[in-house]
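Residue-level listing of the chains:
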Amino acid sequence: MTLTFVGKPQHWLKNTFYCLVALSLISCSERQATAHESSTSENTHHSLSADIIEKSFTIPGLSRDRKVRIYLPPAYNNTKQEQTRFPVIYMHDGQNLFDEKTSYAGEWQVDETLNKLSASHGLNIIVVGIDNGSEHRMNELSPWPHDDFGIAEGDAYLAFITDVVKPYIDQQYRTLDDAENTAMIGSSMGGLMTHYAIIKHPDVFGKAGIFSPSYWFSEEVFRFTERADIPQNSRFYISVGGKEGESMVPYAIRMTEALEDKQVSQQNLFSHVVEDGEHNEALWVGEFENAVLWLFKQ
């Protein structure tokens, strides 16, 4: 089994995870349709570490405007690499990725981390952050309806990414557009949507960084996984904090075992518990670098 623990031996799980503090804040932190792009051109937002390009779209089927934030790696504008194409990570909750001022409860430091990895590992990746829908966030990241949280708009949101945003990015920027070079990363409900995306569209997304996933949200995620044909080269990085709540670790273990039953190899499945991790950006900032290095390792 590939599930590992950071901070204590693996027997820690049997003795402690059922005693974890109940997670009460999860929901709070929480087809080719015609693309109606905003009439405004791309804008550039200056963070402390990088210039973030901002572009507005309208989500087909939901008629909601949505900002998309685009990070280009240091090598992108290097004149010696004008013909080079780059892998892409699609991420949810774009407000939280690059700038403390726009974040809900602290930023992910995505630009700082990737600038560092460019210098230390020669790893240059484009990131596309899709802003969340604020009061619509739970619904947009929900593949299935929920008695307490309402209707599911996850398919419309995901189609927006695959049919509108990704074609635009691939047309406007020098991307490696195949599944092997296209990842999705998200946390909480974004983790659930990321899991759904890589299984529903393995021809689009070949790598998934799944942080603090809301597998508790619906039993359908397990049935959906069990019925799926998962390519042998799909890569899953699953991370959960030991202090997120009593349901988080057991659900992560259950999903890890479900993926193993689907013959996802240990080479392509990494699942672990960060012992002191809580359900917040501090955990996800730390995991982002590890996930990127593991997902894109040669």
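Predicted model, so just to flag it, every value in this text is computed and none were measured.

Give me the side chain of Thr113: which residues, what numbers.
Inspection of the secondary structure puts Thr113 in helix H2 (residues 110-121). Owing to a relative accessible area of 8%, Thr113 belongs among the buried residues under this scheme. There is a polar contact of 2.9 Å between the side chain of Thr113 and the backbone oxygen of Gln109. Setting aside residues up to four positions removed in sequence, Thr113 forms contacts with Phe288 and Glu289.

Please provide a residue-by-residue account of the pairing of strand E4 (residues 51-59), values included.
In terms of residue burial, E4 counts as a mostly covered element, since 7 of its 9 residues are buried. One ladder, built from 8 bridges, connects E4 with strand E5 (residues 64-71); its direction is antiparallel. When the bridges of E5 are listed, Glu54 appears paired with Arg69. Taking the residues between adjacent antiparallel strands as the criterion, E4 and E5 are bridged by 4 residues, where Gly61 takes a positive phi near 85°.

Give me empty space enclosed by the protein: which residues, what numbers.
Here the largest cavity defines a volume of roughly 30 Å³. What lines the largest cavity is simply His92, Asp93, Asn132, Gly133, Arg137, Glu140, Leu141 and Tyr157. Here the residues of the lining of the largest cavity sort into 2 nonpolar, 3 polar and 3 charged.

What counts and how
As a convention, each chain's residues are numbered from 1 in the sequence order in which they are written. With pLDDT at 70 or above as the cut-off, local features in this predicted model cover only qualifying residues; side-chain atom pairs require 80 or more to be listed or tallied, and sums for whole chains, interfaces and linings still use all residues. Just so you know, side-chain values use all the structure's heavy atoms and leave hydrogens and water out. Going along the chain from the N terminus, every DSSP run of H or I of four or more residues is numbered as a helix, and every run of E of two or more is numbered as a strand. Relative accessibility under 20% of the residue-type maximum defines a buried residue, over 50% an exposed one, and the middle range a partly exposed one, all with a 1.4 Å probe and only protein chains included. In protein, a polar contact requires one atom able to donate a hydrogen and another able to accept it; more generally it is a pair of N or O atoms within 3.5 Å, and residues adjacent in sequence count only if both atoms are side-chain atoms. What makes two residues a contact is simply this: any of their non-hydrogen atoms within 4.5 Å. Strand pairing is assigned whenever DSSP identifies at least 2 bridges connecting the two strands. Grid points spaced at 1 Å and placed over the protein atoms alone form the basis of the search, with a cavity being a set where a 1.4 Å probe fits but cannot get out and a pocket an open set showing protein on both sides within 12 Å along at least five of seven lines. Lining residues have an atom within 4 Å of a point. Grid points are joined across faces, edges and corners, and a volume is the space filled by probe spheres set on the points. Think of it as three bins: nonpolar holds Ala, Val, Leu, Ile, Met, Phe, Trp, Tyr, Cys and Pro, charged holds Asp, Glu, Lys and Arg, and polar takes everything else, Gly as well.

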